[in-house]
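Structural overview
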Amino acid sequence: MGVNLNGVNPHGVNPNGVLLAVDAGNSKTDVAVLAPDGTVLGAARGGGFQPPVVGVETAVDALAEIVGRAWAEAGGTGLSPAFAHVAACLANADLPVEETALQAELLRRGWSRSVRVHNDTFAILRAGLDEPRGVAVVCGAGINCVGMTPDGRTARFPAIGKISGDWGGGSGMAEEALWFAARAEDGRGEPSELARALPAHFGLETMYALIEALHLGLVPFERRHELTPVLFRVSADGDPVALSLVHRLAEEVVALSAVALGRLGLLEEAAPVMLGGSVLAARHPQLEERIRELLAERAPKAVVGFVTAPPVLGAGLLALDEVAAAPEAAARLREHYGA
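Only a predicted model underlies this, so the values are computations on that prediction, with no experimental measurement involved.

**Quick notes on the side chain of His 118**
Along the chain, the position of His 118 falls in strand β5 (residues 115-119). For His 118, a relative accessible area of 13% corresponds to the buried category. Other than its neighbours up to four places away in sequence, His 118 contacts Ala 88, Cys 89, Leu 90, Ala 93, Glu 99 and Leu 318.

So, in C-alpha cells, the structure goes:
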C-alpha cells in the first residue's frame, strides 16, 4: 500500500498527515505509523532505548532502524518520511534537559517538523485513559509516576533512582530480597524463606552459593529481575519479611499517586490512578489490597485502574491528541490494540 504524505506546514501540525507513535522502553521499542483516522498503517518492534548507556545519537540510530521498518510496512519509501507529528514516549527522558536533547536529535533526523518527546510513563497513562486526566504509576524494572490534565498541566518526578528518592521497581525489589535473604541465612537478620527460595530459583542450595555466583558472573546480572516473582510468591505463602517488602512497595505507589494528584488539584474529585508495568499489571493480591487500603486513607476519591494495553497505544493517542483528531480515531486505535 502506498502512502501519500501531505506536506507539513512549518507553522503548525498538519491535521491530515500521517503520524508516528513511538514507545521506547528500557527493554523493547514499539513503533506505529498511523493515519489521522486512527488506522495503524505499519508497525515494528526492536530492542531497548538506553541513551545513558550508548549516547543519544546511537540510541536514536537504533530507533531509526525500527521506524524505517514500520514506515516500509506502511508502504513508505525513502529515509526521511515527513510525518505530520511524532509522539515519542522514551525511556530515560527523565529530566527536561534530556527531553530537549532527544527532541533535538529527532528533529535533526527530518522525520517531522513537529516532534514532542514524553517520558515513556506518559504512554502508560494515556493508554489507560479516555482523556488525558489522571495519574499513572508504572512499576516494571524501575518505578515512576506521572500525571496530566486536559489543559496541559503535568506532574512528574525525576525517577533516576535512589538519588532522586525512589524506591521499588522490579530490579529494586530483587535487590532488597537478596539483602534480606543474605542476612536471614547468616544470622544478621530475621529468618526468612527468601534465604532458601532465591538460590533455589537458580538451582543453588544456599544464599552463599548465590552470592558467589552473582559476584563471579556465573549468574548474569540481568537475571536478577527473575527474583521479583519469587519474592511475591514467598510473600503470598505468609513470609513476614517478604510481605514487609510488598507492603513497602504499596506505600511507595500510594505516596507517588497522592503527591501527583495533589499537585494537579485532583485530590478532591474522582480521578483515575492507573497502575501499569509488569509488577503492577500482574495484580498480586497482597500488593493490590494494600494499595487500595492506603489510597483510601490518602486519596479516598481516587479510582484505581490497571493498564494492560501496549504502551504504544498511549503514544498513538498522544499523537492523535496533537492533531485534534476526532473521537472516532481514538476508538479505532484502541480497537486495533484490543483496549
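**Section: the pattern of salt bridges**
A complete count under the given rule lists 19 salt bridges for this structure. Measuring nitrogen to oxygen at the nearest pair gives 2.8 Å for the salt bridge that ties Asp 30 to Arg 45. Of this pair, Asp 30 sits in strand β2 (residues 28-34) while Arg 45 is found in strand β3 (residues 40-47), placing the two residues 15 residues apart along the sequence. The salt bridge involving Arg 153 is made with Asp 151; its shortest N-O contact spans 3.0 Å. Given a relative accessible area of 56%, Asp 151 falls into the exposed group. Residues joined by salt bridges that share partners form a network here, namely Glu 57, Asp 61, Glu 105, Arg 108 and Arg 109.

**Quick look at the nonpolar core**
In terms of nonpolar packing, the biggest core is built from 56 residues, with Leu 198, Leu 249, Leu 275, Leu 287 and Ile 291 touching the most fellow members. Broken down by element, this core gets its largest block of residues, 11 residues, from helix α9 (residues 240-263). Here Leu 198 is in contact with Ala 177, Leu 178, Ala 181, Met 207, Leu 210, Leu 227 and Val 230, once residues within four sequence places are set aside. Among the nonpolar cores identified, the runner-up in size contains 32 residues, and Leu 19, Ala 123, Val 146 and Leu 317 belong to it.

**A word on the sheet that holds strand β9 (residues 271-276)**
Within a sheet, each strand pairs with its neighbour through backbone hydrogen bonds, oriented either parallel or antiparallel. Reading across the sheet, the 5 strands line up as β8-β7-β6-β9-β10 and stay open at both edges, with mixed pairing between neighbours. The outermost strands of the open sheet, each flanked by one partner alone, are β8 (154-156) and β10 (302-306). On average, each strand axis in the sheet is tilted by 20° relative to the strand beside it, whichever way the strands run. Pairing between β9 and β10: 5 bridges, direction parallel. Within β10, the residue paired with Met 274 across the bridge is Gly 305.

**Regarding the packing of helix α5 (residues 169-186) against α9**
Two elements in contact, α5 and α9, have axes whose closest approach is 11 Å; the angle formed by their N-to-C orientations is 150°. Accordingly, the angle class assigned to the pair α5 and α9 is roughly antiparallel. Read as a crossing pair, α5 and α9 show a hand that is right-handed. Where α5 abuts α9, its residues Gly 169, Met 173, Glu 176, Ala 177 and Phe 180 lie against Val 241, Leu 245, Val 246 and Leu 249.

**What to know about the packing of aromatic side chains**
Inspection of every chain in the model, using the stated rule, returns 2 aromatic pairs. A ring pair is formed by Trp 71 and Phe 83, whose centres lie 5.2 Å apart and whose planes are at 70°; its orientation type is edge-to-face. Of this pair, Trp 71 sits in helix α2 (residues 56-73) while Phe 83 sits in the loop between α2 and β4 (85-90), and the two are 12 residues apart along the sequence. The residues Trp 71 and Phe 83 share a single accessibility class, namely buried. Across the ring face of Phe 157, the terminal group of Arg 263 is positioned such that the distance to the ring centre comes to 4.6 Å. We note Arg 283 situated over the ring of Phe 306; from NZ or CZ to the ring centre the distance is 3.8 Å.

Criteria and cut-off values
- Residues numbered from 1 in each chain as written.
- Predicted model: local features only at pLDDT ≥ 70, side-chain atom pairs only at ≥ 80, totals over all residues.
- Heavy atoms only, no water.
- Helix = DSSP H or I, 4+ residues; strand = E, 2+ residues; numbered from the N terminus.
- Buried < 20%, exposed > 50% of the residue type's maximum accessible area, 1.4 Å probe, protein only.
- Contact = heavy atoms within 4.5 Å.
- Salt bridge = Lys/Arg side-chain N within 4 Å of Asp/Glu carboxyl O.
- Core = buried A, V, L, I, M, F, W, Y, C linked by side-chain atoms within 4.5 Å.
- Pairing = 2+ DSSP bridges.
- Axes fitted to C-alpha atoms, helices over the stretch in contact; angles between N-to-C directions.
- Parallel < 35°, antiparallel > 145°, perpendicular 65-115°, else oblique.
- Left-handed = near helix turned anticlockwise from the far one by under 90°.
- Phe/Tyr/Trp six-rings, centres within 6.5 Å; stacked < 30°, edge-to-face > 60°.
- Lys NZ or Arg CZ within 6 Å of the ring centre and 35° of its normal.

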